[in-house]
Amino acid sequence: MYKHVSRSFMAISMAATLFLAGCSEGASTEPKKTKVTKDEPVTITFWDENAGPQRTPIWEELIKRFKDQHPNIDVEYVGLPKDSAKKKMDAAIASDDMPDLASVQTSWLPEFSIREALLPLDDYLEKSDLKEKINEGAVQFNKDIVQDHKLYGIPYTQNLDILWVRPDWFKEADVKVPETWEEFFTAAEKMTDKSKNRYGYTIRGGSGGSFQLQRLMFAYSGLEDYIDKNGKSTINDPKHVEFVEKYLALYKKFTPQSDITNGYKEMIAGFDTGAVAMVQHNIGSFGEHSEALAADQFQAIPLPKTEEGNSVAEGGNTIGISIFKTTKNPEAAWEFASFLNSAESQSYWNQQVGQIPTNSDVLNEQWIQDSPHIQTAFEVYNDPNTVLYKPPFYLPDYRTILDNQVDAGTQAVMSGKSTVKEFLDEWAEAMEKSEKQYNEHFKK
């Protein structure tokens, strides 16, 4: 459970420093480090947790650049589809057959560290030229959410959930681009024209939809605590029930019928092929939109504000590079990890994807200033009235509950097999049970 939150929004840092409750120190197993000479041939394996036609070529280009600088180190790239990446990494950890390093989502770090799968990177970063470069708040967040408070991931990118809209359609229909939730629901209805096979919105009812639903719920309610000091979850708060009832009622009326099983690819395709007017995702889908649409056909806008006029964002919305403890070549793995977090590499990756770099040397580059969606993210993060809600990343089964129970529960509501209240009560109960078990085991 979080005990204290300290926030400062800075135009060049883009992250809040969050202080979580302390836990008992846990042991971490480190591999025997073998010093690699400059000319000794080495092969390391890198796993990408979000492979696909848009991002895989970016990693392949960076690997090529790394090879040019380090001819003795070969990097084997393994691309994992986003929806199955966590399960594949779980299986690799269970079988003790892990890669050397990987792109790892922040919310996976607590579980992976408890399973003693990762190599602590504190000493590596301390001795590196990156020490003063990587966003301090993001680094501290990654340390605070794990049980032993060590650094298991160097964040190379930061994200923000927003709405992508078709401004050309809104202008044509003379409908206001939404700034409030009332305007959002009105726009979903008015922008629907089934005679043109157009829908006002699309809901991600399939794999991964739980994360987007959760972020929308907190953006609507403005609540900061996911679990309060008494161990009670706010997931089934009346404001969340109110929102989810309105939100899922859009299904089939103003959204495609296929939404109930649509995952990321299908949802984004619906927007990019001209089937829907609005989609909620994050600034990281900029690459797909820019390839499919003209610059004046898509626009990033902040999620609607709360009734009190506050924007809400999720704390710790980053992805980092982690090294697994079983690597036989930790020095070579760190060479690649530090290369990926260099200004040049972060600039290339984030510009192609459309996300926020964490290396401070990149933030004054011209492409940052010329990217409207990045500037939209800056406006949200730099607003002193923005609320950061705090997911319980520290719970080992946090992701499992969302991936399995919540995704299935969303579909049950959309298919009429469950009520919203029943769904959110079960979700809250699962989180409260996990919180209790965590407290009993780690005696926070």
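Here's a quick rundown of the structure. This one's a predicted model, so the numbers in the text were calculated from it and none came from an experiment. For every chain, the first residue of the written sequence is number 1, and numbering continues from 1 along that sequence. Residues qualify for local features only when their pLDDT is at least 70, as the model is predicted, and side-chain atom pairs are given and counted only at 80 or more; totals for whole chains, interfaces and linings, by contrast, use all residues. Remark: hydrogens and water are excluded; side-chain values derive from all non-hydrogen atoms of the structure.

## A look at unusual backbone geometry
Trans is the prevailing form of peptide bonds, just as negative phi is the prevailing case for residues other than glycine. Heads up, the rule is: A run of H or I in DSSP counts as a helix once it spans at least four residues, and a run of E counts as a strand once it spans at least two, with each numbered from the N terminus.
With a phi angle near 60°, asparagine 197 is a residue other than glycine that sits in the positive phi range. Topologically, asparagine 197 is positioned in the loop between α7 (181–190) and α8 (209–221). Phi is positive for lysine 252, which is not a glycine, with a value near 75°. Secondary-structure assignment places lysine 252 in the loop between α9 (238–248) and α10 (264–272).

## Topic: the layout of surface pockets
This is how the line gets drawn: As defined here, a cavity is a set of points on a 1 Å grid over the protein atoms alone where a 1.4 Å probe fits but cannot get out. A pocket is an open set with protein on both sides within 12 Å along at least five of seven lines, and residues line them when an atom is within 4 Å of a point. Grid points are joined across faces, edges and corners, and a volume is the space filled by probe spheres set on the points. Ten residue types, Ala, Val, Leu, Ile, Met, Phe, Trp, Tyr, Cys and Pro, are classed as nonpolar, four, Asp, Glu, Lys and Arg, as charged, and the remainder, Gly among them, as polar.
The calculated volume of the largest pocket comes to roughly 700 Å³. If you go around the largest pocket, you meet 40 residues; those closest to its centre are Lys82, Gln105, Trp108, Phe211 and Arg399. For the lining of the largest pocket, the secondary-structure elements that each account for two or more residues are β3 (42–51), α2 (82–94), β6 (154–158), α8, β8 (278–282), β11 (318–323) and α16 (398–414). In terms of residue count, the dominant contributor to the lining of the largest pocket is α2 (seven residues). When its residues are assigned to classes, the lining of the largest pocket shows seven nonpolar, 19 polar and 14 charged.

## Focus: the packing of α9 against helix α17 (residues 420–442)
The criterion, for reference: Axis lines are fitted through C-alpha atoms, for helices just across the contact stretch, and the angle between N-to-C directions can take any value from 0 to 180 degrees. Roughly parallel covers angles under 35 degrees, roughly antiparallel covers those over 145, roughly perpendicular covers 65 to 115, and oblique covers all other angles. What makes a crossing left-handed is the near helix being turned counterclockwise from the far one by less than a right angle; a clockwise turn instead makes it right-handed. In this analysis, two residues are considered to be in contact whenever any of their non-hydrogen atoms come within 4.5 Å of each other.
Between α9 and α17, the least distance of the axes is 9 Å, while the angle of their chain directions is 130°. Between α9 and α17, the angle falls in the class oblique. α17 is crossed by α9, and the crossing has right-handed handedness. Contacts between α9 and α17 involve His240, Val241, Val244 and Glu245 from the former and Val420, Lys421 and Leu424 from the latter. Broken down by class, the residue content of the contact of α9 with α17 amounts to four nonpolar, one polar and two charged.

## Describing empty space enclosed by the protein
Empty space left among the atoms is revealed by rolling a probe the size of a water molecule over them. In this structure the tally under the stated criterion is seven cavities of 30 Å³ or more. Roughly 70 Å³ of volume is contained in the second largest cavity. Taken together, 13 residues make up the lining of the second largest cavity; nearest its centre are Ile203, Arg204, Gly209, Gln212 and Tyr247. Within the residue set of the lining of the second largest cavity, elements represented by two or more residues are α8 and α9. In terms of residues, the lining of the second largest cavity owes the most to one element, α8, which gives four residues. Here the lining of the second largest cavity is composed, by residue class, of seven nonpolar, five polar and one charged.

## Concerning the packing of aromatic side chains
As a reminder of what qualifies: Whether two aromatic rings pair depends on their centres lying within 6.5 Å, for rings of Phe, Tyr and Trp, where Trp uses its six-membered ring; planes under 30 degrees apart make the pair stacked, over 60 edge-to-face, and the rest tilted. Buried residues are those whose accessible area, probed at 1.4 Å on protein chains only, stays under 20% of the maximum for their type, while exposed residues exceed 50% and partly exposed ones sit between those limits.
Applying the stated criterion to the full structure yields 30 aromatic pairs. Each ring, one from tyrosine 156 and one from tryptophan 349, has its centre 5.0 Å from the other, and the planes form 85°; the classification is edge-to-face. Pair noted here: tyrosine 156 is in strand β6 and tryptophan 349 is in helix α13 (residues 343–353), with a separation of 193 residues, a long-range link. The same class applies to tyrosine 156 as to tryptophan 349, namely buried. Among the aromatic residues, ring-to-ring pairing joins Phe46, Trp59, Phe66, Tyr77, Tyr156, Phe336, Phe339 and Trp349 into one connected group.

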